[in-house]
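# Survey of secondary and tertiary structure
What follows is the residue order along each chain.
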Amino acid sequence: MNVSAILHHVMLELDEDPADINDYDQKFMMYLNMGYQLILRQHYKPRETYLSQADERGMVNLSGYDIDCVVQMQDEDGRIVHFRADAQGDGVYHTTARDEDVVVVCQVTYPPLSGELDVPRIPEHVHYALVQYICYKHLSSGNLAKQSRAQYYKQSFYEMMSMLKPVGTGSVTTYTNFYSATN
């Protein structure tokens, strides 16, 4: 579903005339992007893989990418490369790799939706959750009856989110020295 179709469904859910969408357009686009970023960052957690170069000091520069967090790094042979973010937080990472290519798996975010033909980069079966989120946000600032109706949309949204599996689900996670760090 593209943005136009999502907003059309919102108008139908709210028992409004779809021709009046211009009265709500800016507000609904704001709610749409709020819901979209919530889905991306907290529920879907999309991942992308980048190839980067570790310099002779083991520094990998990932600034300029839309990265939420680095999940894993591997060297050319597929071995795990240990890393930590630079204290300055500018997208530079200290690694155990020296002067070699590293494969970096990152949790990313996507830019906000802006055009009518933009399609959210989440699974198709979750697109309707954006309709529910917009309805929830719109109705939650109304009178008591509207707020009650808003709770239905909020609950429906979070039910759909509970069925959405993050991209990295099922992957193996290794904790090195986990118990010594939490002891």
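Below is a short write-up of the structure. Owing to the predicted nature of the structure, the values given are computational and were not obtained by experimental measurement. (Residues numbered from 1 in each chain as written. Predicted model: local features only at pLDDT ≥ 70, side-chain atom pairs only at ≥ 80, totals over all residues. Heavy atoms only, no water.)

Glancing now at the overall build of the chain. Of the regular secondary structure elements, the chain holds five helices and six strands. Its C-alpha atoms give the chain a radius of gyration of 21 Å, clearly above 16 Å, the size a compact globule of 183 residues would have. Projected onto the principal axes, the alpha-carbon positions of the chain cover approximately 60 × 40 × 30 Å. Taken across its 183 residues, the chain has 38% of its residues classed as buried. Taking contacts inside the chain between residues at least 6 apart in sequence as the whole, the part at least 24 apart equals 72%. When the accessible surface of the chain is totalled, it reaches about 11000 Å², and 48% of it is carbon and sulfur. Positive and negative side-chain charges in the chain, numbering 14 and 24 respectively, have mean positions lying 9 Å apart. (Helix = DSSP H or I, 4+ residues; strand = E, 2+ residues; numbered from the N terminus. Rg over C-alpha atoms; globule rule 2.2 N^0.38 Å. Buried < 20%, exposed > 50% of the residue type's maximum accessible area, 1.4 Å probe, protein only. Contact = heavy atoms within 4.5 Å. Areas by Shrake-Rupley, 256 points an atom, 1.4 Å probe, with all protein chains shown as cover. Lys, Arg positive; Asp, Glu negative; His and termini not counted. Charge placed at Lys NZ, Arg CZ, Asp CG, Glu CD.)

Two quantities define a packed helix pair, namely the angle between the helix axes and the distance between the axes. Packing of helix α2 (residues 25-44) against helix α3 (residues 127-139) brings their axes to within 9 Å, and their N-to-C directions diverge by 125°. Between α2 and α3, the angle falls in the class oblique. You can see that α2 and α3 cross each other, and the crossing is right-handed. Side by side, α2 and α3 meet where Lys27, Phe28, Tyr31, Leu32, Met34, Gly35, Tyr36, Leu38 and Ile39 of the first sit next to Ala129, Leu130, Tyr133, Ile134, Lys137 and His138 of the second. (Axes fitted to C-alpha atoms, helices over the stretch in contact; angles between N-to-C directions. Parallel < 35°, antiparallel > 145°, perpendicular 65-115°, else oblique. Left-handed = near helix turned anticlockwise from the far one by under 90°.)

No statement about biological role is implied by the geometric values presented.
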